[in-house]
Amino acid sequence: MGSRVWLITGASGGLGQALVGEVLSSGERVIAVTRDDEPLQPLTAAFPGCLRTVSVDITDAGALRPALDDAIAGFSCLDIVVNNAGYARAGPFEELDDTELRAQFEVNFFAAVNVLRAALPHLRAARAGRVLQISSLAGQIGAPGMSAYTAGKHALEGLSVSLAAELTPLGIRTTIVEPGAARTGFRTDWASRLPSSAALPDYLPVHEALARSAGAVGDQVGDPARMARALVALADMPSPPLRLPLGSDALAGIENARNGQLEELRRFADLSASTDHTKVN
Ligand SMILES: NC(=O)c1ccc[n+]([C@@H]2O[C@H](COP(=O)([O-])OP(=O)(O)OC[C@H]3O[C@@H](n4cnc5c(N)ncnc54)[C@H](OP(=O)(O)O)[C@@H]3O)[C@@H](O)[C@H]2O)c1
């Protein structure tokens, strides 16, 4: 495999930073998109000429496009796009205002859209490439207190399934990556924004469940370094899957959800099929 060029968002920490390190160690090059390139400076020094950092707000499409065009031109190519940046705004739906919901979509959905709009012309011109969309177990299931986050990840998955069908004939393969809980700053970050009390007392049990989950820092089964290795392996596969859960918790959660959905589909199949027009022979 030659020295491909990866574009990775959310590169300053967690899974994104681990992936930048893993890709560079495997002899490939990276355009790291980040709000803060300081944590990447040791990697810039360790892999001279192989890492370009782009410090830009990924929700600002107008600023992102020229910055990415410049970075891609600097390496003269682009092979793999990883939409990784994301955060969670936790809380019961009725206690979240529209500004918080829209902000969640700006980062977890529309920023990925902005990156795709900048990157896809390069991949299409090459009739090759990979798109890795970092979704979540939350892109497949719902959970109390996580409506904003699950909505954004479901939206990203919906976009990606249709996009994959459009891009495959053009030689570009798309995989939706669904991590379970990973030991990064992600959980501490959303926990830091939890309100100290329930605005609506009816949702006290949701707040209590969120507080328990927030307190379980260090219990996450997922190792970001191993996840990064899995992503590099994924990018080497000639026939990658459309979806790849990462972590035993993601595997079990998605399997349970799918089994439940199938069981319900079958249980109500007669009612579902009863709405067809009567066949006239
Ligand atoms: N950790 C988990 O348990 C878990 C589970 C399932 C899915 N995921 C998903 O995995 C991806 C990586 O998360 P992680 O675990 O590595 O979390 P993390 O350590 O918090 O890193 C997320 C990165 O996303 C970027 N980001 C966060 N908030 C942002 C904002 N408001 N605007 C723009 N960029 C923002 C930041 O990158 P920059 O500072 O470089 O811009 C940040 O370093 C995310 O999409 C997350 O939803 C995580």
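See the structure shown above.
Computed from a prediction, not measured in an experiment: that's the story for all the values here.

K.L.:
Explain the side chain of Gln133 to me, please; I cannot follow it from the model alone.
P.N.:
The residue Gln133 is located in strand β5 (residues 129-134) in this model. Within the structure, the side chain of Gln133 is placed 3.1 Å from the side chain of Ser160, a separation counted as a polar contact.

K.L.:
Sorry, what's going on with helix α7 (residues 204-215) here?
P.N.:
Residue pairs spaced three or four apart in an α-helix point in one direction, given the helix's 3.6 residues per turn. Given a rise of 1.5 Å per residue, twelve residues ought to cover 16 Å, and the 16 Å separating the end C-alpha atoms of α7 matches this to within 8%. Residues Val206, His207, Leu210 and Ala214 constitute the buried set of α7. Relative to the axis of α7, the buried residues are bounded by an arc of 100 degrees and lie together on one face. Those residues of α7 that are exposed and angled more than 90 degrees off the buried face are Pro205, Arg212 and Gly215.

K.L.:
What's the story with the sheet that holds strand β6 (residues 172-179) in this structure? I'm lost.
P.N.:
Paired through their backbone hydrogen bonds, the strands of a sheet run either parallel or antiparallel. Read from one edge to the other, the open sheet built from seven strands follows the order β3-β2-β1-β4-β5-β6-β7, with strand pairing classed as parallel. Two strands in the sheet have a free side with no partner beyond their single neighbour: β3 (51-55) and β7 (243-246). In this sheet, neighbouring strand axes are inclined to one another by 15 degrees on average, regardless of whether the strands run parallel or antiparallel. As judged from the five bridges shared by strand β2 (residues 29-34) and β3, these two strands associate in the parallel manner. Along β3, the bridge assignment pairs Val30 with Leu51. Of the strands in this sheet, β1 (5-9), β4 (80-83), β5 and β6 touch helix α4 (residues 98-126), which is tilted by about 175 degrees from β4. Together, β6 and β7 form the strand contacts of helix α9 (residues 248-267), whose direction differs from that of β7 by roughly 125 degrees.

K.L.:
Got a minute to help me understand the packing of helix α1 (residues 14-25) against helix α8 (residues 224-236) in this structure?
P.N.:
Each pair of packed helices can be summarised by the angle the axes make with each other and by the distance between the axes. At a minimum axis separation of 8 Å, α1 and α8 run at an interaxial angle of 55 degrees. One element, α1, and the other, α8, form an angle in the oblique class. Considering how the two elements wind past one another, α1 and α8 form a crossing that is right-handed. Here α1 contributes Gly14, Leu15, Ala18, Leu19, Glu22 and Val23 to the contact with α8, which in turn contributes Pro224, Ala225, Met227, Ala228, Arg229, Leu231 and Val232. Counted by class, the contact of α1 with α8 contains ten nonpolar, one polar and two charged residues.

K.L.:
Would you mind going over the environment of Ala257 with me for this structure?
P.N.:
The residue Ala257 is located in helix α9 in this model. Considered as a pair, Ala257 and Val177 are 80 residues apart in the sequence and their alpha carbons are 17 Å apart. If we ignore the near neighbours within four places in the chain, the residues touching Ala257 are Gln140 and Ile141.

K.L.:
How should I be thinking about the packing of aromatic side chains in this particular structure?
P.N.:
The geometry of two aromatic rings is summed up by the distance between their centres and the angle between their planes. Per the counting criterion, the structure on display carries three aromatic pairs. Judged by centre distance (4.9 Å) and plane angle (80 degrees), the rings of Phe109 and Phe110 are edge-to-face. Phe110 sits in the partly exposed class, given a relative accessible area of 38%. Linked through ring pairs, Phe105, Phe109 and Phe110 together constitute an aromatic cluster. Just above the ring of Phe75 sits the side chain of Arg52; from NZ or CZ to the centre is 4.8 Å.

K.L.:
Sorry if this is basic, but what is going on with the site of the ligand here?
P.N.:
Around the ligand, 25 residues are found, and the nearest of them are Ser12, Thr34, Asn84, Tyr149 and Thr184. A distance of 2.9 Å separates an oxygen atom of the ligand from a polar backbone atom of Arg35. At a separation of 2.7 Å, an oxygen atom of the ligand approaches a polar backbone atom of Asn84. Taken by itself the ligand offers 880 Å² of open surface, and the protein chains cover 89% of this. For the shell around the ligand, the class distribution of residues is eleven nonpolar, twelve polar and two charged.

Thresholds, definitions, all that
- Residues numbered from 1 in each chain as written.
- Predicted model: local features only at pLDDT ≥ 70, side-chain atom pairs only at ≥ 80, totals over all residues.
- Heavy atoms only, no water.
- Helix = DSSP H or I, 4+ residues; strand = E, 2+ residues; numbered from the N terminus.
- Polar contact = N/O pair within 3.5 Å; in protein donor to acceptor, adjacent residues only side chain to side chain.
- Expected span 1.5 Å × (residues − 1).
- Buried < 20%, exposed > 50% of the residue type's maximum accessible area, 1.4 Å probe, protein only.
- Arc of directions from axis to C-beta.
- Pairing = 2+ DSSP bridges.
- Axes fitted to C-alpha atoms, helices over the stretch in contact; angles between N-to-C directions.
- Contact = heavy atoms within 4.5 Å.
- Parallel < 35°, antiparallel > 145°, perpendicular 65-115°, else oblique.
- Left-handed = near helix turned anticlockwise from the far one by under 90°.
- Nonpolar A, V, L, I, M, F, W, Y, C, P; charged D, E, K, R; others polar.
- Phe/Tyr/Trp six-rings, centres within 6.5 Å; stacked < 30°, edge-to-face > 60°.
- Lys NZ or Arg CZ within 6 Å of the ring centre and 35° of its normal.
- Near = heavy atom within 4 Å.
- Areas by Shrake-Rupley, 256 points an atom, 1.4 Å probe, with all protein chains shown as cover.

By themselves, these figures tell us nothing about what the structure is for.
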